[in-house]
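Structural characterization, general
In case you want the letters, here they are:
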Amino acid sequence: MDHLDTLRCFVAVADAGGFAAASRRLECSAAAVTRAIAALEARLGVLLFQRSTRLVRLTEAGERFLGDCRPILSDLHEAEQAASGAQAEAQGLLSITAPQMFGIQHVAPIVQGFVQAQPRVQVRTLFVNRLVHLLDEGMDVAIRIAHLPDSGLTALQVGALRRLVVASPAYLAQHGEPQHPDDLSAHRAIGFSFDARAPTPWKFKDGATGQPQFAWISNSNEVDIAAAEAGLGLTRCLAYQAAASLRAGRLRIVLADHELPPVPVHIVYPAGRRAPAKVRAFVEWASVRLAAEPVLRGRGLVRGGGR
């Protein structure tokens, strides 16, 4: 193997978690993979993998080297795509990630239309409530709902989402409507936490905070919305999560005058070398459609489509 093939072999072993699995992926013998890794370790003078009869695991040096190898191989792959014409025509596998509920509600319908319009592109979607690292996890495009730090990624903002406090009409009729964050101490609430542990106090504009009595804490926005609809208390959410319930009259917005600024929504994809045609085509397709979503413009939250 030449040096680039050896690097590809190293990444394959790391991704597959073993020499035999990597050899099947690379369509070569396990012995060839073992020799390639041994030669690479001898060249570098470090051990890249810890080996036992049951598992193969990266060493600390191997982890660092893997992080350095991925961008190099990714750039080489893009260069090869450009030479073969993949840059000019949308084709191949496109991997997209988004937050789970937003992905199901807003990204999946866009992907359906894109697949119909681009028959030479195959799509895989990963809708999960965690930060997905694009390069490390082999993703091409991400939809991010957050204020983004500076990075080497291209980010196109397509809208923003209000941060709401909502409750059912029945709950408000029984317990009254809070007029200020200070009033929350007298109210029950359904809280959200990624690990279902105690959530932090709710923050509002001008530094105000509110601490309701949490009757239920979950790690699911869908659960929180359903509990609020059932009259168990207030809950906090992003606008898209409660939009259908608000339009149907099952929930009402409270403390609107105290909302924090909306959270931006971006389409994010690796920058640097010109993106493949499949990525450019999807970004163009999705950006137009997401930007047209009323909820991403602060609308569509009451009957009749207004605010």
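This text follows the structure it describes.
Its volume calculated, the largest pocket comes out at about 1400 Å³. Lining the largest pocket are 46 residues, and of these Ile145, Ala146, Phe192, Phe194 and Leu238 lie nearest its centre. Here the residues of the lining of the largest pocket are counted per class, giving 29 nonpolar, 10 polar and seven charged. By volume, the second largest pocket is sized at about 900 Å³. As for the second largest pocket, its lining consists of 33 residues, of which Leu73, Ser74, His77, Leu135 and Gly138 are closest to the centre. The set of elements that each furnish at least two residues to the lining of the second largest pocket consists of helix H1 (3–16), helix H2 (19–26), helix H4 (60–84), strand S3 (92–98), strand S14 (263–270) and helix H9 (277–291). With nine residues, the single largest contributor to the lining of the second largest pocket is H4. In terms of residue class, the lining of the second largest pocket is made up of 16 nonpolar, five polar and 12 charged.

Once that is clear, we can look at the packing of aromatic side chains. For the coordinates displayed, the defined rule picks out seven aromatic pairs. Measuring from ring centre to ring centre gives 5.0 Å for Phe102 and Tyr240, while their planes differ by 85°; the resulting arrangement is edge-to-face. Of this pair, Phe102 sits in helix H5 (residues 100–117) while Tyr240 sits in helix H8 (residues 239–247); the two residues are 138 residues apart in sequence, bridging distant segments of the chain. The burial state of Phe102 is the same as that of Tyr240; both residues are buried. Joined through ring pairs, the aromatic side chains of Phe10, Phe19, Phe49 and Phe65 make up one cluster. Here Arg236 stacks its cationic end above the ring of Phe204, 4.6 Å away from the centre of that ring. The aromatic ring of Trp285 is capped on one face by Arg289, whose charged end is 3.5 Å from the ring centroid.

Thresholds applied
Residues numbered from 1 in each chain as written. Predicted model: local features only at pLDDT ≥ 70, side-chain atom pairs only at ≥ 80, totals over all residues. Heavy atoms only, no water. 1 Å grid on protein atoms, 1.4 Å probe; cavity = no way out; pocket = protein on both sides within 12 Å on 5 of 7 lines; lining within 4 Å. Points joined across faces, edges and corners; volume = space filled by probe spheres on them. Nonpolar A, V, L, I, M, F, W, Y, C, P; charged D, E, K, R; others polar. Helix = DSSP H or I, 4+ residues; strand = E, 2+ residues; numbered from the N terminus. Phe/Tyr/Trp six-rings, centres within 6.5 Å; stacked < 30°, edge-to-face > 60°. Buried < 20%, exposed > 50% of the residue type's maximum accessible area, 1.4 Å probe, protein only. Lys NZ or Arg CZ within 6 Å of the ring centre and 35° of its normal.

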